[in-house]
Amino acid sequence: MPEAPKNTHKPTTDYNLELKNKKTLQFIEDVTSNADEVQKKVLEEILSRNAHVEYFQRHGLNGHTDRETFKTIMPVITYEDIQPYVDRIANGDTSPILSSHPISEFLTSSGTSGGERKLMPTIEEELGRRSLLYSLLMPVMSQFVPGLDKGKGMYFLFIKSEAKTPSGLVARPVLTSYYKSTHFKDRPYDPYTNYTSPNETILCPDSYQSMYSQMLCGLCQHKEVLRVGAVFASGFIRAIKFLEKHWRFLCNDIRTGTIDSQINDQSVREAVTKILKPDPKLADFIEAECSKDSWQGIITRLWPNTKYVDVIVTGTMSQYIPTLDYYTNGLPLVCTMYASSECYFGVNLNPLCKPSEVSYTLIPTMAYFEFLPVQRNNGVNSSISVPKTLNEKEQQELVDLVDVKLGQEYELVVTTYSGLYRYRVGDVLRVAGFKNNAPQFNFICRKNVVLCIDSDKTDEVELQNAVKNAVNHLLPFDATLAEYTSYADTTTIPGHYVLYWELSLNGTTPIPPSVFEDCCLTIEESLNSVYRQGRVCDKSIGPLEIKIVEPGTFDKLMDYAISLGASINQYKTPRCVKFAPIVELLNSRAVSSFFSPKCPKWFPGHKQWINMN
């Protein structure tokens, strides 16, 4: 994720980057050395400034700002617990419900509630807090890769669609909020935020025009590029595939110094024109490289000064690492920071480590952090066990930032400045070490998520309901679904969901292919709005596929799991598979394959707002 500077300096001739980096690194040293004191002050500040909000009054906090009373009185919650309060704000209630500061907008979380994006309340000052975390990244990076201030970063950044709640507040993803803010658009001089993409290309709402113009500008400045990236690994690979498809048009633009007519956003055209000049020699170079049979190392071939790739490759994004290595000739894959819609959390202080060893140091000033210990079930899937609701004993098991234990796994719980109190984020983290007194965490997984291609997150319950809706199409043929599992296939670009179905066929009438295609589409229509947006608007997810497997396939799957040591008594069919030999087994027994024939329905905003805007 790209970084933003502190908004505290102006472009001057005496700008001292070395001094600025030194101060930033000292800040990290200070807050991690005094982590518990900082956390105590953060909680006191949050509780004192919001002492009179309705949510605290309802729970009887009565103005207390100490940690002990807070932990005794305030419940640990999930989104469903605060959704009624959020809905009131979205519908126009401006009283201090969750925050004493006015809610400035809602940030839409990629986690979902009832198929709709969760709405995270936020306040204006949070933009400053996010900018602070961004400002830590490059001073850290500069310790490992010198000279990054001498060139540019080529990042593929995009805004997504936004909606308005009935109250008029905007609801949009956190990065869209940030890119549209003055913190990003009017950022002061900083050599580390010198990007190849003009703001106008990033802020273009048309994803094709945005990608095309950003790629064009990146190619024009190819010798100046020292680092490349996107938010997610999947997004960066999508940019490479875009180049693979459109390089001839891009070469023509560079050769002639004119922009393709399909780019009709006037502000984009004007911004690109300042960079694009006729350069037949560069066009010939790009054409020669892109015409070769192999695209291995295409990034280092076209952008020869690139030192690393800045993308998220932890969690489900790790599935893209082999593809990234292929296209980049094994450049370092750097995960710089850990953040979500609910809160920005921390930074990677050892950014050149292997992706499998990435750990994030939580910055104690960002929010008040607590940790709920989680256990592993020792079945074949070694699944994580976290109760949905906590009893009194479990609520007392939460520990503070400095009290976590090395090697233990925890679910992250946050209390933020903008109205979330003891909120379960849903991320499972493992303690990997410490920076002074502040723990460092490996990101393990998003709780309950079984399928993910891009920013979508599909859990087991949602998948089960979608499959249940789809199998109704089989009833007229006297067929039932005996067993199923799923797989996030990222060998295709964009990646797509694959469902393996084993059927029980009692009828004699063959099932037409169109029926299975209807099943595919019904599943997609039943999945959450983030998935459907990825299919319809962002084109970041491909059509869902159903593979019909031979009878007895899932018995073979069980036999294989038992051969690896699973207990026959504890075994249950996994609803998602990732282990390559199991995927190979399923694919080898597939007898037919069907794809969703069209995109599911999707529109920005929540369904209940559509008739109110």
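Definitions and limits used
- Residues numbered from 1 in each chain as written.
- Predicted model: local features only at pLDDT ≥ 70, side-chain atom pairs only at ≥ 80, totals over all residues.
- Heavy atoms only, no water.
- Helix = DSSP H or I, 4+ residues; strand = E, 2+ residues; numbered from the N terminus.
- Buried < 20%, exposed > 50% of the residue type's maximum accessible area, 1.4 Å probe, protein only.
- Polar contact = N/O pair within 3.5 Å; in protein donor to acceptor, adjacent residues only side chain to side chain.
- Contact = heavy atoms within 4.5 Å.
- Salt bridge = Lys/Arg side-chain N within 4 Å of Asp/Glu carboxyl O.
- Phe/Tyr/Trp six-rings, centres within 6.5 Å; stacked < 30°, edge-to-face > 60°.
- Lys NZ or Arg CZ within 6 Å of the ring centre and 35° of its normal.

Asker: It is not clear to me how the side chain of S486 should be interpreted in this structure. Could you clarify?
Answerer: With respect to the element layout, S486 can be found in strand 21 (residues 479-489). Classification of S486 by relative accessible area gives buried; the value is 0%. A polar contact is formed between the side chain of S486 and the backbone oxygen of R575, at a distance of 2.6 Å. Residues within four places of S486 in sequence aside, it is in contact with L451, L463, V498, L499, R575, C576 and V577.

Asker: Even after reading the chapter, I still don't get the pattern of salt bridges, so can you show me in this structure?
Answerer: When charged atoms on two side chains of opposite charge get close, those side chains can pair. This structure, assessed with the given rule, holds 30 salt bridges. The partner of E54 in a salt bridge is R58, and the shortest N-O contact between them spans 3.1 Å. Note that E54 and R58 are positioned in helix 3 (residues 54-59) at a spacing of 4 residues, about one turn of the helix. Residue class for R58 comes out exposed when judged on its relative accessible area of 57%. Notably, a salt bridge pairs E125 with R129, separated by 2.8 Å at the nearest N-O pair. Judged by its relative accessible area of 28%, E125 falls in the partly exposed class. For R129, a relative accessible area of 14% puts it in the buried group.

Asker: Looking at this structure, I do not really get the side chain of T522. What am I missing?
Answerer: Here T522 lies in helix 18 (residues 513-526). Among the residues examined, T522 registers a relative accessible area of 19% and is labelled buried. If we skip the residues at most four places from it in the chain, T522 touches N469, A470 and H473.

Asker: Quick question: what am I supposed to make of the packing of aromatic side chains here?
Answerer: For any pair of aromatic rings, the description consists of the separation of the ring centres together with the inter-plane angle of the planes. According to the stated counting rule, one finds 24 aromatic pairs in the structure shown. A centroid spacing of 5.6 Å and a plane angle of 90° characterise the contact between Y134 and Y344, whose relative ring orientation is edge-to-face. Placement of the pair is Y134 in helix 6 (residues 126-142) and Y344 in strand 10 (residues 344-347), with a sequence separation of 210 residues. Each of the two residues, Y134 as well as Y344, counts as buried. Pairwise contacts between aromatic rings join Y134, Y178, Y179, F184 and Y344 into one cluster. Of note, R187 hangs over the ring of F184, and the distance from its end group to the ring centre comes to 4.4 Å. Of note, R575 hangs over the ring of Y484, and the distance from its end group to the ring centre comes to 4.2 Å.

Function cannot be read off these values alone, since they describe shape.
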